[in-house]
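Single-letter residue listing:
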Amino acid sequence: MAKRPTIGVNPLDAVVTETPLDAVVPPGGPQVKHPEEPAPESQKRLAALEAEVKVLQGEISLLRGKIMEMEVRLPPPEPRWVVRLREKLAGK
C-alpha cells in the first residue's frame with residue numbers, strides 16, 4: 001500500500017490570514033460608536049413631549065378611577081339564562 005503525504009494532515013487546519021468577511025466585519029469585532037449629544041432644540045422638544053406624557057398619564061389615572069366608581073354603582077349583569085327567559089316571555 002502506498003503512503004500518501006496527506007495522511008494525518010488536515011487541509012482544513014490551515015490558518016487563513018485574510019477572508020472576504022474581514023471587509024464586512026473587522027477582525028477586532030464591532031466597534032462601538034458613542035452617541036453624539038443631541039441638538040438643543042431636540043432636547044427642548046423631548047422635554048415638552050415628556051411633560052405632555054405625564055399630563056396624559058394623570059388624566060388616564062383619573063379616568064380609570066371614574067370607571068371603577070361607575071362599575072361599583074352598576075348592578076351586576078344578569079345571567080344569560082335570565083336574559084333569554086325575559087326575551088321568550090316578551091315574545092321576541
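Refer to the structure presented above.
Residues numbered from 1 in each chain as written. Predicted model: local features only at pLDDT ≥ 70, side-chain atom pairs only at ≥ 80, totals over all residues. Heavy atoms only, no water.

Chemist: Got a minute to help me understand the overall build of the protein chain in this structure?
Modeler: Within the protein chain, the secondary structure is distributed over three helices and zero strands. From first element to last, N terminus to C terminus, the protein chain shows the α and β order α-α-α. Taken over 92 residues, the protein chain has a buried fraction of 2%. A total of about 9,700 Å² of accessible surface is found on the protein chain, and carbon and sulfur atoms cover 63% of it. (Helix = DSSP H or I, 4+ residues; strand = E, 2+ residues; numbered from the N terminus. Buried < 20%, exposed > 50% of the residue type's maximum accessible area, 1.4 Å probe, protein only. Areas by Shrake-Rupley, 256 points an atom, 1.4 Å probe, with all protein chains shown as cover.)

Chemist: Quick question: what am I supposed to make of the pattern of salt bridges here?
Modeler: A side chain with one charge may pair with a side chain of the opposite charge, provided their charged atoms come close. Taken as a whole and assessed by the stated rule, the structure comprises two salt bridges. Glu 69 serves as the salt-bridge partner of Arg 73, at 3.8 Å between the closest nitrogen and oxygen. With a gap of four residues between them, Arg 73 and Glu 69 both fall in helix H2 (residues 40-73), about one helical turn apart. A relative accessible area of 46% means that Glu 69 is categorised as partly exposed. (Salt bridge = Lys/Arg side-chain N within 4 Å of Asp/Glu carboxyl O.)

Chemist: Help me understand a nonpolar patch on the surface in this model?
Modeler: Together, Trp 81, Leu 85 and Leu 89 make up an exposed nonpolar region whose accessible area comes to about 390 Å². You can see Leu 89 is positioned in helix H3 (residues 80-90). Looking at Leu 89, the relative accessible area reads 70%, which means it is exposed. (Patch = residues over 30% accessible without salt bridge, like charges linked within 9 Å, V, L, I, M, F, W, Y side chains within 5 Å.)

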